[in-house]
Structures are given as C-alpha cells and as structure tokens.
Amino acid sequence: MKDPQTASTFAGLDGRTDTDLPAWYTDLNDVPDPTSFSEAIRSLPRATSTEVAYKNPYTDEWIETERFNALVEPNRLITQAGDQDEEPLFHVPTSNYAVINPTDVYAPLEDVLCEETVDDTPLAELVFGEVRQYRGGGEVHMDIMFDGLDVTLPDRREPITMGVTTGYDFFGNNAVYVEGFARDTACANSIRSLTDRQVVKHVGDVGDFEQWWRDVLGQLELVANDLHGFIADAQDLSVDLTEMPFDLPEFYDLLGFPEYLAERAAEDARANAADPFDIDMWTLHSGATHALTHFFRGKEGSSLQQYVRLANDLLFNLETSLQRVETSYEQRVEAESEGDQQHLAAASGLAQIERVSEEVHDLADQFEQREAQLRERLDAVAE
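Enquirer: I'm lost on the overall build of the protein chain in this one. Help?
Expert: Of regular secondary structure, the protein chain possesses eleven helices and 14 strands. For the protein chain, restricting intrachain contacts to residue pairs at least 6 apart in sequence, the fraction spanning at least 24 positions comes to 66%. For the protein chain, the computed accessible surface area is about 18,600 Å², with 43% contributed by carbon and sulfur atoms.

This is the structure we're talking about:
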C-alpha cells in the first residue's frame, strides 16, 4: 500500500494499562514507541463545520449559502488565525453531512474493551495495533488487534492474531467502517474482510456506537472459532500445477491480480509450499495476502478491497476461484488462438483445469457449507 503520511502504534487501553506490543510485532516491524489506544484516538485530527459562501464575479460580493458547509480542522483554524501557513479545510459537503469525529466512534469502544474478556483477561489489556493517516489526517485507517484472541494451527507455533480494520474520512469517500481482520504472526500477512463490512454513513442520526462495537466483537469471536477449520480444510486441498496449462504466476494473473502482484504472490507461495508443484490452497491464499500486504501499490479502500476478495476466495470459496481461472483462461486462448493446433492446445488446457475443478468439488462443498453456517451466525449476532 502507499505509505501513509503518518503512522503510529498503540498498546493497551490507557495509561493505567501495562501492555507492551507483542514480540512478534516488534520483530517484524520497525515501529516507534507505542502510545495507548485512548491517546492515539484523541490525537487524531477532528472536523467541525463552518459556513461557506461563493463570490459573484459581477458584484464582487460574497454570498453565504445554507446548502453547503465547510469541514475544517478546528486546531488548524486557530493556527491559521495566528498568521501561520496552515490548511484547515477538508471538504465542502452538503448541509445534511453529519460530522463523526474519532472520539464519537472509538471512545465507546473503550468501555466495551474494559468489559469483554479473553480467558478472563479484559481486552483493554490485550489491545494493540496501528493507526495510519492520509491527506493531512482527513483519512484514517487502523488495525486493532487483540494479543490472545488467536487461531493456532497444529503444525506451527506462530498463531494468527484476530482483530478488526476500521477507518473513516472527512472527504465523503469512506463512511465509518469496520470489518474482521487477522494478522499471521509468522509473516505479518494481513488477512482482511473476514466479516462483512459494517458501515455508518455521515448522514442523520449516527446511532449507538457502543452497541455497534459489541456486535462487531461478537462476530469476531465467531470468526476466530471457524477460521481454524477453514485453514485446516484449505491445507487438504491443493492445485497440481503439473496438471495445469500454465505456471503459478499465470494462475494468480488469471485469477485477476495485476502482473506485479501475481509474481510476488507466486514467489511467496512457492517458497513456502511443501511441494512447489502441488500447492495447497492455504499456501496459495497466504501468497496472495503476502503480495497485498507488502507490495500493493494502491491506497487503502475500494482498489485494495477487490483484490482482498480475490485472495479470500482462495480460502473461503475455492470453487469460485477455479471457475474464475477457467473462464479467464478460456477467454484468453480464444483471443490468442489461430489455427487448429492452437485450438487443440486450448481445449486440452481447459480440460486439465476442469479435471482439477472436479477433484476439489466435493471438498469445496464443505467450504461452502461451513461459510454459509458462519454467515448465518454472523447475521444472527448482527440482528
């Protein structure tokens, strides 16, 4: 991802909480000394609305309008009033835009973290993560994780730590959002969109954020319970590349990743595979998340989300992934094929993909049933 203008870390709820960043996190990241969660959210830029006007060029008169308001950072207004070079303006939305500041969203989470526990330890003592600011702090994304809310695989020591990704902006592009998230502590890969994205728009009554957070954390616990099963099943499913009409980078390319990400994903998957020519779906998924976490060139937001969905289908919806590869391959060879010999090679390649798809069909049904059951439980919590 594009580097944020400002990045900071936090550990523990507030100054009364004796919490350090996990060793795996500091070993894998060059991080500054952490603040507390409470301090981190209170140091974020705020927004307030003020009146705007437009200039009539014929009369040289400024005319106020009630249809729009200017969103500005109040501390920067003070600095600007002191004749210092400062830009307080974020955006000029319509008058029905409701300002939601960081403490409106995240201060209610503080009470929830004090009450919710993992193995009798309050989440307030387990919380840690990072905050990323873009565009002068008018756009914020953060990963909030819980050291101890983990998924541990039987064949390794390093757990997968659960949490949420959340954020907002003051430019009208990103409503306040939150979704399930996990960090693979073995390689710092981020596994995003583990739950459906919950959104609160900057319009009208913004509602009860405390209950919102209770529901979100309730969903996260369900995902943690099921993620182990998804990964274990994915380790039992593999793609034999010697049976495919293409190599691993092209597999990711056909799946929908741009070439630079496809190459990075293939490099990581092959390096970590027990058999570099017969790679299980968990390793293929991990290769994709590695590429997105460490090499994605775009910004956080919709451009990242489309590739996250492609990666997650390798773990949660395998059959869809193989169908996408098959369709992309068929379209590509039809566009490139000239002559009977190439048509025969294309038909043979499609037959190979279909054969692999049939081999994983029965196990893929298990994935779909597990995902459907998880979604039902998540919906029940949300209601």
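Enquirer: I tried to follow the sheet that holds strand E2 (residues 48–56) on my own but got confused; where do I start?
Expert: Read from one edge to the other, the open sheet built from three strands follows the order E2-E3-E4, with strand pairing classed as antiparallel. Of all strands in the sheet, those bounded by a partner on one side alone are E2 and strand E4 (89–91). The average undirected angle you get between the axes of adjacent strands in this sheet is 55°. Looking at chain direction, strand E3 (residues 61–72) and E4 are connected through two bridges and run antiparallel. Note on E4: the bridge partner recorded for Leu71 is His91.

Enquirer: Is there a simple way to think about the packing of aromatic side chains in this case?
Expert: Aromatic ring pairs are reported here in terms of the distance separating the ring centres and the angle at which the planes meet. If you walk through the whole model with that rule in mind, you get 18 aromatic pairs. Relative to Phe128, the ring of Trp24 has its centre 6.0 Å away and its plane inclined at 75°; by these criteria the two rings are edge-to-face. Taken together, the residues Trp24 in helix H1 (residues 23–28) and Phe128 in strand E7 (residues 127–134) connect sequence positions 104 residues apart. Here Trp24 matches Phe128 in class, with each residue buried. Judged by centre distance (5.2 Å) and plane angle (70°), the rings of Trp212 and Trp213 are edge-to-face. Exposure remark for Trp212: the relative accessible area of 13% places this residue in the buried category. Using a relative accessible area of 0% as the deciding quantity, one classes Trp213 as buried. Pairwise contacts between aromatic rings join Phe90, Tyr106, Tyr168, Phe170, Phe171, Phe209, Trp212 and Trp213 into one cluster.

Enquirer: Please explain the pattern of salt bridges as it appears in this structure.
Expert: Any two side chains of opposite charge can pair, so long as their charged atoms come close to each other. Inspection of the entire model under this criterion finds 20 salt bridges. Across the pair Asp14 and Arg16 runs a salt bridge, and its minimum N-O distance is 2.7 Å. Of the charged contacts in the structure, one is a salt bridge between Glu115 and Arg214, with a shortest N-O distance of 2.7 Å. Of the two residues, Glu115 is situated in helix H4 (residues 102–115) and Arg214 in helix H5 (residues 209–235); the sequence distance between them amounts to 99 residues.

Enquirer: Help me understand the packing of helix H6 (residues 248–255) against helix H10 (residues 318–336), please; the structure alone is not making it clear to me.
Expert: Interaxial distance between H6 and H10 falls to 8 Å at its minimum, and their mutual angle equals 95°. Considering their axes alone, H6 and H10 lie roughly perpendicular with respect to each other. Along its contact with H6, which presents Glu250, Phe251, Asp253, Leu254 and Leu255, the element H10 presents Ser321, Leu322, Arg324, Val325, Ser328, Tyr329 and Arg332. Class assignment of the residues belonging to the contact of H6 with H10 gives a composition of six nonpolar, two polar and four charged.

Enquirer: Would you explain the side chain of Ser190 in this entry?
Expert: Take Ser190: it is sitting in strand E11 (residues 189–191). Judged by its relative accessible area of 7%, Ser190 falls in the buried class. Reaching out from Ser190, the side chain makes a polar contact with the side chain of Arg183 at a distance of 3.1 Å. If near-sequence neighbours (up to four positions away) are discounted, Ser190 is found in contact with Phe181, Ala182, Arg183, Thr289 and Thr293.

Calculation notes
- Residues numbered from 1 in each chain as written.
- Predicted model: local features only at pLDDT ≥ 70, side-chain atom pairs only at ≥ 80, totals over all residues.
- Heavy atoms only, no water.
- Helix = DSSP H or I, 4+ residues; strand = E, 2+ residues; numbered from the N terminus.
- Contact = heavy atoms within 4.5 Å.
- Areas by Shrake-Rupley, 256 points an atom, 1.4 Å probe, with all protein chains shown as cover.
- Pairing = 2+ DSSP bridges.
- Axes fitted to C-alpha atoms, helices over the stretch in contact; angles between N-to-C directions.
- Phe/Tyr/Trp six-rings, centres within 6.5 Å; stacked < 30°, edge-to-face > 60°.
- Buried < 20%, exposed > 50% of the residue type's maximum accessible area, 1.4 Å probe, protein only.
- Salt bridge = Lys/Arg side-chain N within 4 Å of Asp/Glu carboxyl O.
- Parallel < 35°, antiparallel > 145°, perpendicular 65-115°, else oblique.
- Nonpolar A, V, L, I, M, F, W, Y, C, P; charged D, E, K, R; others polar.
- Polar contact = N/O pair within 3.5 Å; in protein donor to acceptor, adjacent residues only side chain to side chain.

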